[in-house]
Amino acid sequence: MKVRPKRFHSIQLTLAIAFTALSIILVVGAIFIAFGVTEESSRLASRQYTQQLVHQITNNIEFYIDYMDSVSAIVQADPSVQEYLRSGETRRETEEAARAVLRVMANTRSDISLIGMFSYQGDFITPDQDHRLNPFTEPAKQAWYTAAVHAHGDSVISSSHVQNIIEDQYQWVISLSREIIDQENGGGRGILLVDLNYRIIERICGSVQLGQRGYIFIVDRNGDIVYHPQQQLLFGGLKTENIRRVLDEQENYFPGDDEDRGKFYTVEPMYATGWKVVGVNYRSEFLENRDAIRRSYALWGLLFLMIAMGISIILTWRISRPIKELRQSMQDVEKGNFDVVADIRSSNEIGELGKNFNIMVGEIKKLLNRVTQEQEQKRKSELNALQMQINPHFLYNTLDSVIWMAEGGKEQEVIAMSSALARLFRLSISKGKEIIDVASEIEHVKNYLTIQKIRYKDRLDYRIEVDNDIRHFKIVKIILQPLVENAIYHGIKNNSAAGTVLITGRRTEKGMDLVVRDDGVGMDRDTLERVRAHLAQGNAADPPGPGRGSGVGVRNVDERIKLYFGAEYGLEFESREDEGTTVFIHLPAIEKDGEP
């Protein structure tokens, strides 16, 4: 199954998205909470305001009912009224006095639509003699009448209703009825009826305003509506009110049920009448400028969200910056740069990670340096071992020549060769130093050429033309002798004519060059390319092939120069077949004594 590579997501982008999402959640949550608190505060203020209005209306109605109750008490106690109800067959004689009492009360209060008195004997009087009882209505069967009888002297307040007791009169009224008690024997004599104009209640309740849609209504203890601004709609069944809950609810403030969702009811009872005054508010009107407040909260929320996003971007940049720097440092280390230092100054876990990274890179660098030094030391040891393999070979040939000359009686040549051999090995030792000056190296190769000149006589000649201004520079010892040996044995020796080895030296822009040139057989193009390729590979143990010897000494020289002075230095071969070979030794111009 092919595993799809995971997409790269920067930590800054991830943190920015996380912070932005968190900011959105917090800002939106804060807006909802703030709007809810504002709405709840408005609701509480509206509740308090409505309770005050309902309480005021309740007091006004109770005061009005108390006043009318006092009026009825006055009428009941009036002697003319008592005499009228007590007179029996002579009632006609006292009727006018009783009627006068009722007329006075009716004229005193314009809000009394009807005041009348019913005797238990069936008589009926009102201030207006033209009033006639409705022939289709029996007073004794009216609710206000029977309630007054049962109250036995106490006043009874009816619900709102259409009063039809008078012929051709139909008015909405609230009736106050009271049984008139004989003050002499305590028995009932009749019923006093005081109809209060319904408009008084309507004016009291309609004088207050609860928002655009709120209203006040009054319900009696039986659940009958006393007043409602839309009373006609209620009676017509086009509107309903949750009357049952208003009657049963113990709390004086409660929200509406499912059908009345959005409404809040404020209820205050009237203990004298058993009525309840109810104020109705709508939730949507708690805040008059709800839409403007919502837009204001939305704009503030958007502003805070933008600020939060800006802060989150700055924070994520500050958090991710040291991580990016640490990542860049790691990539530099992957490329081999162990000098990199993660400059992380954070005083947190990332800062500690940067410090640990720097310590780790430092330890790796030390370890690599130690391994490199160990490898270089090992390589030097290998090259020195190869060098030691050359010297016995040369010593064997030289001593063989000395023996041959001694047997021939050539004492002077023996002395000269032996002296040159002794100086050669003394310079080879160089007190154990690997780095010597150019003058010592020239002296060393000169002794070598002296020995070879004695051996090959007229077939070999040499010249040394090295500038004096480079003779004090430091070089690796025994780098000319292997090249001269190679020129003699593989260039001049294989040529039928005599040959010359020319050694020159001069200062260059990059350092200095020592040149070993011979006029021997030279090399063809393929051999020259193999020699160059072999030097480029840097494998001293692999011979270059036929035509130019084993090449061990030449590659040993090149390896030692590169090892001590760097890869930009070393040997460079130029050769033409039958014309000779030239070897350039590129070296630095080092004046300081001692090995680099």
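Presented here is an overview of the structure given in this document. (Residues numbered from 1 in each chain as written. Predicted model: local features only at pLDDT ≥ 70, side-chain atom pairs only at ≥ 80, totals over all residues. Heavy atoms only, no water.)

1. Some remarks on the overall build of the protein chain
Item 1. When its secondary structure is counted, the protein chain shows 14 helices and 17 strands.
Item 2. Taking 596 residues into account, the globule formula puts the C-alpha radius of gyration at 25 Å, and the protein chain, at 66 Å, lies well above it.
Item 3. Structurally, the protein chain occupies a C-alpha span of about 205 × 40 × 40 Å along its principal axes.
Item 4. Looking at the protein chain as a whole, 44% of its 596 residues qualify as buried.
Item 5. Of note, the protein chain has its 71 positive side-chain charges centred 11 Å away from the centre of its 82 negative side-chain charges. (Helix = DSSP H or I, 4+ residues; strand = E, 2+ residues; numbered from the N terminus. Rg over C-alpha atoms; globule rule 2.2 N^0.38 Å. Buried < 20%, exposed > 50% of the residue type's maximum accessible area, 1.4 Å probe, protein only. Lys, Arg positive; Asp, Glu negative; His and termini not counted. Charge placed at Lys NZ, Arg CZ, Asp CG, Glu CD.)

2. Remarks on the sheet that holds strand E1 (residues 112–119)
Item 1. Sheet architecture is open: five strands sit in the order E2-E1-E5-E4-E3, paired in antiparallel fashion. The open sheet has two edge strands with one neighbour each: strand E2 (124–125) and strand E3 (156–163).
Item 2. Relative to strand E5 (residues 188–197), strand E4 (residues 171–181) is paired through nine bridges, and the arrangement is antiparallel. Bridged to Ser177 within E5 is Leu193. (Pairing = 2+ DSSP bridges.)

3. Some thoughts on the packing of aromatic side chains
Item 1. Taken as a whole and judged by the stated rule, the model has twelve aromatic pairs.
Item 2. When the centroid spacing of 6.4 Å and the interplanar angle of 75° are considered together, the rings of Phe118 and Tyr145 count as edge-to-face. A residue pair is termed long-range when its members are at least 10 positions apart, and Phe118 in strand E1 and Tyr145 in helix H4 (residues 143–151) qualify at 27 residues. Each member of the pair, Phe118 as well as Tyr145, is classed as buried.
Item 3. The interplanar angle of 65° and the centroid separation of 6.0 Å between the aromatic rings of Trp144 and Tyr145 together place this pair among those described as edge-to-face.
Item 4. Since its relative accessible area comes to 10%, Tyr145 is described here as buried.
Item 5. Each residue in the set Phe118, Phe124, Trp144 and Tyr145 is aromatic and connected to the rest through ring pairs, giving one cluster.
Item 6. Across from the ring centre of Tyr282, 3.9 Å away, lies the NZ or CZ of Arg213, which sits over that ring. (Phe/Tyr/Trp six-rings, centres within 6.5 Å; stacked < 30°, edge-to-face > 60°. Lys NZ or Arg CZ within 6 Å of the ring centre and 35° of its normal.)

4. Focus: the packing of helix H11 (residues 438–456) against helix H12 (residues 480–492)
Item 1. At a minimum axis distance of 9 Å, the contact between H11 and H12 shows a crossing angle of 25°. By the angle between their directions, the pair H11 and H12 is classed as roughly parallel. Of the two elements, H11 crosses H12, and the hand of that crossing is right-handed. Facing Glu441, Ile442, His444, Val445, Tyr448, Leu449, Gln452, Arg455 and Tyr456 of H11, the residues of H12 in contact are Leu480, Gln481, Val484, Glu485, Ile488 and Tyr489. (Axes fitted to C-alpha atoms, helices over the stretch in contact; angles between N-to-C directions. Parallel < 35°, antiparallel > 145°, perpendicular 65-115°, else oblique. Left-handed = near helix turned anticlockwise from the far one by under 90°. Contact = heavy atoms within 4.5 Å.)

5. Considering helix H13 (residues 525–537)
Item 1. In this model, H13 (13 residues) spans 18 Å end to end at C-alpha, consistent with the 18 Å of a helix rising 1.5 Å per residue.
Item 2. Every buried residue of H13 is accounted for by Thr527, Leu528, Val531, His534 and Leu535. Along the axis of H13, the buried positions cluster into a sector of 130°, meaning they face one direction only. The outward face of H13, more than 90 degrees from its buried face, is lined by the exposed residues Arg525, Asp526, Ala536 and Gln537. (Expected span 1.5 Å × (residues − 1). Arc of directions from axis to C-beta.)

6. Here we look at unusual backbone geometry
Item 1. Of note in the backbone geometry, Asp168 takes a positive phi value of approximately 65° without being a glycine.
Item 2. Note that Asp168 resides in the loop between E3 and E4.
Item 3. You will see that Asp578, though not glycine, has its phi angle at about 70°, which is positive.
Item 4. Within the fold, Asp578 resides in the loop between strand E16 (570–576) and strand E17 (580–587).
Item 5. Looking at Asp578, the relative accessible area reads 65%, which means it is exposed.

7. Description of the sheet that holds E17
Item 1. Taken in spatial order, the five strands make up an open sheet running E12-E14-E15-E17-E16, and their pairing is mixed. The two strands at the open ends of the sheet, each matched to only one other strand, are strand E12 (460–466) and E16. Between one strand and the next, the sheet's axes are offset by a mean angle of 15°, whatever the strand orientation.
Item 2. Where E16 and E17 come together, seven bridges link them in antiparallel fashion. Counted as the bridge partner of Phe573 is Val583 from E17.
Item 3. Contacts from H11 reach E12, strand E14 (499–507) and strand E15 (512–518) within the one sheet, and its direction differs from that of E12 by about 165°.

8. As for the pattern of salt bridges
Item 1. Scanning all chains against the criterion turns up 20 salt bridges.
Item 2. Between Arg86 and Glu184 there is a salt bridge, and its shortest N-O distance comes to 3.6 Å. With a gap of 98 residues between them, Arg86 in helix H2 (residues 79–86) and Glu184 in the loop between E4 and E5 connect regions that are remote in the sequence.
Item 3. For Arg86, a relative accessible area of 26% translates into the label partly exposed.
Item 4. Residue Glu184 is classed as exposed on the basis of its relative accessible area, which comes to 63%.
Item 5. Where Lys365 meets Asp339, a salt bridge forms, and the shortest distance between an N and an O atom there is 2.4 Å. Placement of Lys365 in helix H9 (residues 349–407) and of Asp339 in the loop between helix H8 (290–334) and H9 is noted, with a sequence separation of 26 residues between them.
Item 6. Of the residues examined, Lys365 reaches a relative accessible area of 32% and is grouped as partly exposed.
Item 7. A relative accessible area of 53% means that Asp339 is categorised as exposed. (Salt bridge = Lys/Arg side-chain N within 4 Å of Asp/Glu carboxyl O.)

9. Section: a nonpolar patch on the surface
Item 1. Judged by side-chain polarity, Trp300, Leu303, Phe304, Ile307, Ile311, Leu315 and Ile319 come together as a nonpolar surface patch covering roughly 650 Å² of accessible area.
Item 2. The topology assignment puts Phe304 in helix H8.
Item 3. Taking the relative accessible area as the measure of exposure, Phe304 reaches 46% and is therefore partly exposed. (Patch = residues over 30% accessible without salt bridge, like charges linked within 9 Å, V, L, I, M, F, W, Y side chains within 5 Å. Areas by Shrake-Rupley, 256 points an atom, 1.4 Å probe, with all protein chains shown as cover.)

10. Considering helix H5 (residues 198–206)
Item 1. Buried residues of H5: Tyr198, Ile200, Ile201, Ile204 and Cys205, and no others. One face of H5 carries all of its buried residues, which in axial projection span an arc of 160°. Away from its buried face by more than 90 degrees, H5 exposes Arg199 and Arg203.
Item 2. The backbone nitrogen of Arg199 lies 3.0 Å from a side-chain oxygen of the residue at the head of H5, namely Asn197. (Polar contact = N/O pair within 3.5 Å; in protein donor to acceptor, adjacent residues only side chain to side chain.)

11. Some details on the environment of Ser159
Item 1. Along the chain, the position of Ser159 falls in strand E3.
Item 2. For Ser159, a relative accessible area of 14% corresponds to the buried category.
Item 3. Separated by 16 residues in sequence, Ser159 and Ala143 have C-alpha atoms that sit 9.8 Å apart.
Item 4. From its side chain, Ser159 meets the backbone oxygen of Ile225 in a polar contact 3.1 Å long.

Geometric descriptors of this kind do not, in isolation, establish any biological role.
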